[in-house]
Amino acid sequence: MDPIQQHFTDTLAAQHIAINEQQLEQFEGYYQELITWNEKMNLTGITERDQVYNKHFYDSISLAFYMDLNEIQTLADIGSGAGFPGIPLKIMFPHIKLRIIDSLNKRIQFLQSVVNRLGLQDVELIHGRAEEWGQKEGYRDHHDLVTARAVAKLSVLNEFCLPFVKTGGTFAAMKGIDPAEEIQHAFRSLGLLKGKVREVHHFQLPVEESDRHIILITKEAATPAKYPRKAGTPMKEPLG
């Protein structure tokens, strides 16, 4: 095990998360695939190996510091981009059935390449808009956990993500800077979409100590029929 993987292993162990040799090999394969595809398309501005392990892999797994993902059966990752946090969480918790929705087909092609290389099972990759798929049976009001990482403001994210969460399930919005103001502006959208902020967790990434925040939102009832609104509307006219 090289120093970067050793540090990755040690920092996860400090959070009581164990990683095995196969999972380390999968993360390394993920990194190699990310760098190869990044030469052809813009997936990430972070390419240094230690930074990818810290700012993408560790940051994605951080959700498991505050939730027991062994209890989660179905996860939808909305606007996943290069696969964060969905793919790292799937590597660490392989029993989870993962769905990723992204509006750019090239990113879905990249993610399919990652899934194939890593041998991941029970992963559904969807090219489409969250507003459209959030209205479909089998997707709407269905998932134990829905994630979004640095996609948009919370008032917008609520409409993208809460329709996918089953009643009693959780939407986890993963943010950088303190989201207190975003939460305040999202108060109306939370009410309309039957969400309630349960907890807000703050931590810092190892080494560089960048701030991270995770907002855990409980879905208290089924999504009203009119949400999500048609594609493009949530961004243009947020419910905040």
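Quantities reported herein were computed from a predicted structural model and do not represent experimental measurements.

Conventions and cut-offs
- Residues numbered from 1 in each chain as written.
- Predicted model: local features only at pLDDT ≥ 70, side-chain atom pairs only at ≥ 80, totals over all residues.
- Heavy atoms only, no water.
- UniProt positions renumbered as here; feature names shortened; annotations may be inferred.
- Helix = DSSP H or I, 4+ residues; strand = E, 2+ residues; numbered from the N terminus.
- Buried < 20%, exposed > 50% of the residue type's maximum accessible area, 1.4 Å probe, protein only.
- Contact = heavy atoms within 4.5 Å.
- Salt bridge = Lys/Arg side-chain N within 4 Å of Asp/Glu carboxyl O.

As a further point, take the UniProt feature "binding site: S-adenosyl-L-methionine" (unreviewed entry) in the protein. Sequence positions flagged by UniProt for "binding site: S-adenosyl-L-methionine" (unreviewed entry) are, in local numbering, G79, F84, A130, E131 and R149. For G79, the position within the fold is in the loop between β1 (74–78) and α4 (86–92). For E131, a relative accessible area of 4% gives the class buried. If near-sequence neighbours (up to four positions away) are discounted, E131 is found in contact with F160, P228, R229, K230, A231, G232 and P234.

Assignment of secondary structure puts S189 in helix α9 (residues 187–192). In this structure, the C-alpha to C-alpha distance between S189 and V156, residues 33 residues apart in sequence, is 8.1 Å. Residue contacts for S189: discarding those within four places in its chain leaves L154, S155, N158 and L239.

Before going further, it helps to examine the pattern of salt bridges. Here the idea is simple: oppositely charged side chains can pair when their charged atoms come close. Under the counting rule described, the total for this entry stands at 14 salt bridges. Among the ionic pairs, D59 bridges to R149, the shortest N-O distance being 3.0 Å. Within this pair, whereas D59 is found in helix α3 (residues 49–61), its partner R149 is found in strand β4 (residues 143–149), the two being separated by 90 residues in sequence. Among the residues examined, D59 registers a relative accessible area of 6% and is labelled buried. We classify R149 as buried; its relative accessible area is 17%.

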